[in-house]
Every structure is written in structure tokens, then in C-alpha cells.
Amino acid sequence: MGGILMLSMNDIVQAIYTVTRVVTVPVNIHAIVYLAGRDWSMFERDGAYVIYKTTDTQGNPVTIRLRIREAGSPPVSRYYEVYGMEMQFKYMGNDFLAVYPVNGGFSKAKVDDKYLLDISTKIGGGEPCIVALSIGQVPAICKQIGKFYMIIARA
């Protein structure tokens, strides 16, 4: 992959919003992420990631990891660019991971996982695919958001 993918905050918010169609989160996560765009100090940090933890309406943990980097020139025009999102959540008692953006490493394929197919329906227009992750080839759902794809796979 060449260079860092530049995303609009809108695409990231859209990706998070898409996942919240599957897992109901009582707080308005995308609004929090959007508003926090200038000040990430309210979030936990892990290297290049800021981490936001909450729970869904069933009390299951939901973790959002946003990959950010500082840009602009401090102190006047300092801001952060977000160039990736990972979201861990539970669906029907199973752990899932949504990753955005993905611009390759997957191919459309038949998927027999009924939970993934359910998720595909819920997010509207997700397509079954096989994705190459660090753990190997896994069945997933791929959905285009902006210029890139989001994948949802079992964690």
C-alpha cells in the first residue's frame, strides 16, 4: 500500500454509523467522534490510535479505535487527520471487527456464515467476500463507503 490514505471525517463517521445499524449504541458515537476531531485528549491513547470504549444497549463492550496523526502547525492550526477506524462489537453473542478503509486484499465470494449475512442485510448493501487479514483469509462482508471499503469479519 502506498502512503497514508486520506479520508474525510465524513467517511469515517459514515463507517461508524453503518456499524451502529448492527449494534445499537445508546450514545451518538459519530457525533462524539466528529466533535472530538480537534481535541482527542478525552480519549485513551495507544500509539497512533485513540480509543473510545462504550457499551451497546445490551451491555456488551464496543471499542472504537481511530488511527490519527497530527497535522497543521501548532499552536494555531493544529488539527488531527483520521486515516483509519477499527470497531469491535458483539452481534448475537459473537465478536466482530469492522475495519475501514480497506482498498484491496479482498475478493467477492460466497459466505455461509448466517451472522455475517444478517449483518450484510442490516447495513444495507454489504457484499459477502473473503478478506486477507493478518490471521489469514477470512469470510467477511464488504461495503463501499466513499472511495474505499469497510470490511466486517468475525474477530
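Our structure is the block above this text.
Keep in mind that what you see is a predicted model, and the values were worked out from it rather than measured.

Visitor: Sorry if this is basic, but what is going on with the overall build of the protein here?
Guide: When helices and strands are counted, the protein shows three helices and nine strands. Secondary structure elements of the protein, listed N to C terminal, follow the sequence α-α-β-β-β-β-β-β-α-β-β-β. Put simply, the protein has 155 residues, and 46% of those count as buried. Within the protein, residue pairs in contact and separated by at least 24 positions form 48% of the contacts whose partners lie at least 6 positions apart. Here the protein has roughly 8,100 Å² of accessible surface; of this, 51% comes from carbon and sulfur atoms.

Visitor: Just to check I follow, could you spell out the side chain of D11 for this structure?
Guide: Mapped onto the secondary structure, D11 falls in helix α1 (residues 9-19). Setting aside chain neighbours within four positions, we find D11 in contact with Y100, I145 and G146.

Visitor: I'm lost on the nonpolar core in this one. Help?
Guide: In a soluble, globular protein the nonpolar side chains are often hidden away together inside. With 34 residues, the main nonpolar core has L66, M85, M87, F89 and M150 as its most contacted residues. Elements represented by at least two residues in this core include exactly α1, β2 (49-55), β3 (61-71), β4 (79-91), β5 (94-102), α3 (114-123), β8 (136-145) and β9 (148-154). The biggest single contributor to this core is β4, with six residues. Of all hydrophobic cores here, the second largest spans ten residues; its members include V99, V131, A140 and C142.

Visitor: Sorry, what's going on with the side chain of T63 here?
Guide: Relative to the helices and strands, T63 is located in strand β3. By relative accessible area, which is 16% here, T63 ends up buried. Non-local contacts of T63, meaning those with residues more than four positions away in its chain, are made with I51, Y52, K53, E86, M87 and Q88.

Visitor: Would you mind showing me how to read the state of the cysteines here?
Guide: In protein chemistry, a disulfide is the covalent bond that joins the sulfur atoms of two cysteines. Throughout the structure, instances matching the rule amount to one disulfide. Covalently, C129 is tied to C142 through a disulfide, its sulfur atoms 2.0 Å apart. Here the S-S torsion is close to 75 degrees, and the disulfide linking C129 with C142 is therefore right-handed. Taken together, the residues C129 in strand β7 (residues 127-133) and C142 in strand β8 connect sequence positions 13 residues apart.

Visitor: Could you clarify how one ought to interpret the environment of Q137 in this entry?
Guide: Considering the arrangement of structural elements, one finds Q137 in strand β8. Residues Q137 and F106, spaced 31 residues apart in sequence, show a C-alpha to C-alpha distance of 8.7 Å. Contacts of Q137, omitting those with residues within four sequence positions, involve I130, V131 and A132.

Visitor: Explanation requested: α3 in the structure shown.
Guide: Along an α-helix, a turn takes 3.6 residues, which lines up residues three or four apart on a common side. Within the sequence span of α3, burial applies to Y115, L116, I119, S120 and I123. Around the axis of α3, the buried residues are gathered within 145 degrees of arc, so they sit on the same side. Exposed side chains of α3 directed beyond 90 degrees from the buried face belong to K114 and T121. For α3, the side-chain oxygen to backbone nitrogen distance between the N-cap and Y115 is 2.9 Å, and the N-cap itself is D113. Of the residues flanking the end of α3, it is G124, one or two places downstream, whose phi is positive at about 70 degrees.

Reading the values: the criteria
- Residues numbered from 1 in each chain as written.
- Predicted model: local features only at pLDDT ≥ 70, side-chain atom pairs only at ≥ 80, totals over all residues.
- Heavy atoms only, no water.
- Helix = DSSP H or I, 4+ residues; strand = E, 2+ residues; numbered from the N terminus.
- Buried < 20%, exposed > 50% of the residue type's maximum accessible area, 1.4 Å probe, protein only.
- Contact = heavy atoms within 4.5 Å.
- Areas by Shrake-Rupley, 256 points an atom, 1.4 Å probe, with all protein chains shown as cover.
- Core = buried A, V, L, I, M, F, W, Y, C linked by side-chain atoms within 4.5 Å.
- Disulfide = S-S within 2.5 Å.
- Arc of directions from axis to C-beta.
- Polar contact = N/O pair within 3.5 Å; in protein donor to acceptor, adjacent residues only side chain to side chain.

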